[in-house]
Structure formats: structure tokens, C-alpha cells
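Single-letter residue listing:
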Amino acid sequence: MGVDEEKIVAAKKAAELVDDGMVIGLGTGSTIEFFIKEVGERIKREEIEIWCVPSSYQSHMLAAENGFFITDLFQVGELDACIDGADQVDSELNCIKGKGGALLREKIIAQASEKVYIIVDSRKLSEKLSKSVPIEVLPYAYGSVVKKIERIGGKVMLRESKTKIGPCITDNGNFILDVDFGILENPSELERELNGIAGVIENGIFPSKLISAVIVGGKDEKAKILKKES
Ligand code: 5RP
């Protein structure tokens, strides 16, 4: 089974969690694209009404094309659930997110949601988090934030745009740093420490306390649901 097939298996399973009249947060990325299309099929077939708060222009446009009603956090301060992808998930269900650059809005909708479901292919699972951590930074503070992060041991790369010269600018008008910290022994502590630096707007560590379950598209065409041990 290829990566896309596994993403589709996870997306289909998550689409079953959605009910008529629900208001959901939509993450960003290729796995969420599959999820939006799956729910779009249900909207057509079952004539259900699904409201959403998208986390990016990508998911906003796709949701509109697929029959979702779109709302925002002015209208609804709380969401029934949030469905999102991830770049890496550790054995305690801490996640790294933000390869698609939407981590700030993704964390906002996750924190606004009663339940947070992360959907991934099996290659995203790892014993410990070790991928670079995306960090959204106010451009004004770029230089000082880089120095502070280097002092706590991070190797910083400014994310460059692929289609224009210069930095990648987020949907919120900010820069993204991709920071290599090696293996993250204590993701929650690092998340808090990074957000304590003035000029850091948000970072891509999503601690497991925020996550209700991780749905993994397995190699056997079955989705596995991972929950924290209580
Ligand atoms: C975007 C994200 C994505 O959820 C993450 O990058 C996973 O993307 P994909 O589903 O394309 O693998 O955090 O900011």
C-alpha cells in the first residue's frame, strides 16, 4: 500500500466521525485534502449539513468546493471537533505539525475543539519526535528570535518560498523557521519554552494533551485508532 492509500484509509475513518449539523475545524495538507473530499461525498449522498472553520486558504477553498458551510471564530468560539494531519507522531501521541505552514491557525482550532483527531499514514509514526520544528515568527523579531533559539540548542533554517525569491510568508503574514533540535526528549516543555520568546507567535509542537486520538491508515487497509493510556 502506498502513502496516499494509507492517507485515504485514515481520511475515510475520520469522515465517519462527522455528523449532521456538526461544526468542525479543518487542518491543512494532503491528508486533510482526502478527508475534505470524503466528507464532501457524504454531504452530497446523505444531504447532511457540515459547518467548518478552515485553517488555511487551501482547506477553505477545498471545503467550499466540496459543499461545506464555512464559518469562523467570530461566529463560533467552540468547535465540536477538529481533524488535522501531522508530520510526525511519537509513542505518547505528541505531534510535530506545520510543514504546510498552517500551524498557528491549526493550533487555534485544535484548542477551540472538544475533540482533536489527527489523521496520518503509518510512516509518520516514530518512537520519539525528531523532525525539525516549524516556528511562526513575527518578521520584525526574526534576528532576535534566531539568536534566542540558537542559545537553547536549535539549528535554524528560514523557510524559503519555492515560487518567489525570499522567505515563505504564512497566511498570517509571518515567517516560518524550521528548527532542528535533534530528538525531543520533552516536547511539552520545549513547546512552552519556545512560546515564551517574544516574537514567536506559535510553534508546531502539539502536545499529546491536546490530542483525543490519532487515526493511522494501516498497510492492511484498516485504520488503527491510537489513544493515550489513561
Ligand atoms: C500543515 C500541517 C500538515 O497537517 C502536515 O504538514 C501534514 O501534511 P500532509 O497531510 O500533507 O502530510 O501541519 O501545517
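The shown structure was predicted, so the numbers you read here are calculated from the model rather than taken from an experiment. (Residues numbered from 1 in each chain as written. Predicted model: local features only at pLDDT ≥ 70, side-chain atom pairs only at ≥ 80, totals over all residues. Heavy atoms only, no water.)

Student: For unusual backbone geometry, give the residues involved together with the corresponding values.
Tutor: Of note in the backbone geometry, glutamate 47 takes a positive phi value of approximately 55° without being a glycine. The topology assignment puts glutamate 47 in the loop between helix H2 (30-46) and strand S2 (51-54). Classification of glutamate 47 by relative accessible area gives exposed; the value is 70%. Unusually for a residue other than glycine, leucine 93 sits at a positive phi of about 75°. Note that leucine 93 resides in the loop between strand S5 (88-89) and strand S6 (95-96). According to the relative accessible area criterion, leucine 93 is buried, its value standing at 4%. (Helix = DSSP H or I, 4+ residues; strand = E, 2+ residues; numbered from the N terminus. Buried < 20%, exposed > 50% of the residue type's maximum accessible area, 1.4 Å probe, protein only.)

Student: Give a detailed account of the site of the ligand, specifying residues and quantitative values.
Tutor: Around the ligand there are 18 residues in total, and Ser30, Thr31, Asp87, Lys97 and Gly98 lie nearest to it. Aspartate 84 has a polar side-chain atom sitting 3.5 Å from an oxygen atom of the ligand. Contact between the ligand and lysine 124: an oxygen atom at 2.8 Å from a side-chain N or O atom of the residue. Of all elements in the fold, only H2 and helix H4 (103-111) reach the threshold of two or more residues within the shell around the ligand. Its residues assigned to classes, the shell around the ligand comprises three nonpolar, eight polar and seven charged. (Near = heavy atom within 4 Å. Polar contact = N/O pair within 3.5 Å; in protein donor to acceptor, adjacent residues only side chain to side chain. Nonpolar A, V, L, I, M, F, W, Y, C, P; charged D, E, K, R; others polar.)

Student: Describe the packing of helix H1 (residues 3-15) against H2, and please don't skip the residues or the numbers.
Tutor: A pair of packed helices is characterised by two quantities: the angle between their axes and the separation of those axes. Axis separation between H1 and H2 bottoms out at 8 Å; the angle between their running directions is 45°. One finds that H1 runs oblique with respect to H2. Helix-helix and strand crossings are classified by hand; for H1 and H2 the assignment is right-handed. In this structure, H1 contributes Asp4, Lys7, Ile8, Ala11, Lys12, Ala14 and Ala15 to the contact, and H2 contributes Ser30, Thr31, Phe34, Phe35, Glu38, Val39 and Arg42. (Axes fitted to C-alpha atoms, helices over the stretch in contact; angles between N-to-C directions. Parallel < 35°, antiparallel > 145°, perpendicular 65-115°, else oblique. Left-handed = near helix turned anticlockwise from the far one by under 90°. Contact = heavy atoms within 4.5 Å.)

Student: Account for helix H3 (residues 57-65), naming residues and giving values.
Tutor: For an α-helix the count is 3.6 residues per turn, leaving residues at separations of three or four pointing the same way. What H3 keeps buried is the set Ser59, Leu62 and Ala63. Buried residues of H3 fall within an arc of 100° about the axis and therefore sit on the same side. Facing away from the buried side of H3, by more than 90 degrees, are the exposed residues Tyr57, Met61 and Glu65. (Arc of directions from axis to C-beta.)

Student: Any chance you could break down a nonpolar patch on the surface for me, citing the residues and the numbers?
Tutor: Taken together, Leu138, Tyr140 and Ile201 make up a surface patch of nonpolar side chains, about 350 Å² in accessible area. Looking at where leucine 138 falls in the secondary structure, it is placed in the loop between strand S8 (133-137) and helix H5 (142-151). (Patch = residues over 30% accessible without salt bridge, like charges linked within 9 Å, V, L, I, M, F, W, Y side chains within 5 Å. Areas by Shrake-Rupley, 256 points an atom, 1.4 Å probe, with all protein chains shown as cover. Salt bridge = Lys/Arg side-chain N within 4 Å of Asp/Glu carboxyl O.)

Student: Got a sec to walk through the sheet that holds strand S7 (residues 113-121)? Specific residues and values, please.
Tutor: Spatial strand order, S3-S2-S1-S4-S7-S13-S14: seven strands in an open sheet with mixed pairing. Every other strand in the sheet has two partners, leaving strand S3 (69-70) and strand S14 (223-226) as the edge strands with one partner each. Alignment of strand S1 (residues 23-26) against strand S4 (residues 79-84), held across three bridges, turns out to be parallel. Each residue of the ladder has a partner; that of leucine 26, found in S4, is isoleucine 83. (Pairing = 2+ DSSP bridges.)

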